[in-house]
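A structural walkthrough
Here is what each chain is made of, one letter per residue.
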Amino acid sequence: KLVDGPEGQQKVVLKSSSGGSAEVFLHGAHVTSWKSNKGEELFFLSKKAIYAPPKAIRGGIPLCFPQFGPLGKLQQHGFARNSEFEVSRGSEDSVTMSLRPTTDLHRTYPHEFHLLVTVKVGSDSLTQTLEVKNESSEAMPLGTAFHTYFLVSDVDNVYVDVGSDGPTYLDNTKGRAETQLSGSKVKFQQEFDAIFQGAPDSLKLVDEKTGRTITVKKEGLPDAVVWNPWGDKQFADMAEGEYRTFVCVEPALAASGPIQVQPGETWSCTQVLSVS
Ligand code: TA6
């Protein structure tokens, strides 16, 4: 169902027959809410979020495409999260949104492509798939991530289990310096911004206070990014102290990219989120 959201932005409301629900803005094909069958909100969404270009909505799942981070010629995390998608098909519990490049996008990204993003909600799961077809005659560079903001009771109460013991990661707070994690659990006492290159396909976010466990499964995405900005940095679209209420766990093609999608090739990736 298509409804009007803030700042005149349209959003799609998805409902699963077994109770889960989600909301997705056409702005950025941006999922802003995911509720389990118990009706509890699982995503962080900033009270100061801006819902219109040139900003990406602060929270939910910003879609980083066709670039991850600042490395490359495009704006930080690419243009998809600041672009207006169209609904190409939908049902009660799922929607597929489409983006083709505008002349404006061609100025910085001169490729013909067709991007489809599908979001489907289940009773205690949310599945998101990205599919991009290179319709131009040259290879197109691609980096991407599902930059998901998970709501937590307090950052002190949670850890992210990255699924392997003592992996190395690239520390974004220290120029992507190679750093080793002790054990498999990331805990937060300061800004943490890490790319786990070649990460296992299943990661967990555990809130020890509420007992909630979110499982993040990735398919076709080699890396995983874990981020909490801590409180030292100010963000115009994040309220005081909000950093304590979220952790980002992001299936990504980050350090392992950019890849080159060949002419005529269709490349796809998926994340499956589940809550228990
Ligand atoms: O989550 C990883 C990251 O690349 C961080 O370095 C930080 O920049 C974050 O994304 C947020 O980026 P944004 O452009 O959405 O403020």
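Residues numbered from 1 in each chain as written. Predicted model: local features only at pLDDT ≥ 70, side-chain atom pairs only at ≥ 80, totals over all residues. Heavy atoms only, no water.

By the naming in an unreviewed UniProt entry, the protein chain is glucose-6-phosphate 1-epimerase, taken from Apatococcus fuscideae. According to its UniProt record, the protein chain has this under Catalytic activity (unreviewed entry): "alpha-D-glucose 6-phosphate = beta-D-glucose 6-phosphate". (UniProt positions renumbered as here; feature names shortened; annotations may be inferred.)

**Looking at the UniProt feature "active site" (unreviewed entry) in the protein chain**
As annotated by UniProt and renumbered to match this structure, "active site" (unreviewed entry) occupies H147 and E250. The largest pairwise C-alpha distance within this set of annotated residues, which runs over 104 residues, is 4.7 Å, so the set is compact in three dimensions. Tracing the backbone shows H147 in the loop between β11 (144-146) and β12 (148-151). Judged by its relative accessible area of 6%, H147 is buried. Those residues in contact with H147 that lie beyond four places of it in its chain are G60, I61, P62, C64, H77, W227, C248 and E250. In this fold, E250 is placed in strand β21 (residues 246-253). The class for E250 is buried, based on a relative accessible area of 1%. In contact with E250, not counting residues within four places along its chain, are F68, F146, H147, T148, D223, A224, V225 and W227. (Helix = DSSP H or I, 4+ residues; strand = E, 2+ residues; numbered from the N terminus. Buried < 20%, exposed > 50% of the residue type's maximum accessible area, 1.4 Å probe, protein only. Contact = heavy atoms within 4.5 Å.)

**A word on the sheet that holds strand β13 (residues 158-161)**
If you trace the nine strands from one edge of the open sheet to the other, you get β6-β7-β8-β9-β23-β19-β18-β13-β16, paired in antiparallel fashion. Each edge of the open sheet is held by one strand with a lone partner, namely β6 (86-90) and β16 (185-186). Relative to strand β18 (residues 202-207), β13 is paired through four bridges, and the arrangement is antiparallel. By the bridge assignment, Y159 is partnered in β18 with V206. (Pairing = 2+ DSSP bridges.)

**Focus: the environment of E92**
With respect to the secondary-structure elements, E92 resides in the loop between β6 and β7 (94-99). Note: C-alpha distance between E92 and S21 (71 residues apart in sequence) is 9.8 Å.

**Concerning the sheet that holds strand β4 (residues 30-35)**
Taken together, four strands build an open sheet; the order of strands is β1-β2-β3-β4 and the sheet is antiparallel. Strand pairing shows two members of the sheet lacking a second neighbour, β1 (2-4) and β4, which therefore form its edges. If you compare each strand with its neighbour and ignore which way they point, the axes differ by 25 degrees on average. As defined by bridge partners, β1 adjoins strand β2 (residues 10-15) across three bridges and the pair is classed as antiparallel. Looking at β2, one finds that L2 is bridged to V12. (Axes fitted to C-alpha atoms, helices over the stretch in contact; angles between N-to-C directions.)

**Side note on the nonpolar core**
The biggest cluster of nonpolar side chains holds 71 residues, and the ones touching the most others in it are W34, F65, L115, F188 and F196. With sequence-adjacent residues up to four places away left out, F188 is seen in contact with V155, D156, V158, V160, V226, N228, W230 and V247. Among the nonpolar cores identified, the runner-up in size contains eight residues, and C64, F68, I195 and A254 belong to it. (Core = buried A, V, L, I, M, F, W, Y, C linked by side-chain atoms within 4.5 Å.)

**A closer look at the UniProt feature "binding site: substrate" (unreviewed entry) in the protein chain**
According to UniProt, the "binding site: substrate" (unreviewed entry) feature falls on R58, Q76 and R81. In three dimensions, the annotated residues from a span of 24 residues occupy one location, with a maximal C-alpha spread of 13.7 Å. Inspection of the secondary structure puts R58 in the loop between β4 and β5 (63-64). R58 gets classed as buried once you look at its relative accessible area, which sits at 13%. Residues in contact with R58, not counting those within four places in the same chain, are F44, L45, S46, A49, Y149, W227, F235, D237 and M238. In this structure, R81 sits in the loop between β5 and β6. Those residues in contact with R81 that sit more than four places away from it in its chain are H27, G28, K55, A56, P62, L63 and Q76. Separated by 3.3 Å, the side chain of R81 and the backbone oxygen of Q76 make a polar contact. (Polar contact = N/O pair within 3.5 Å; in protein donor to acceptor, adjacent residues only side chain to side chain.)

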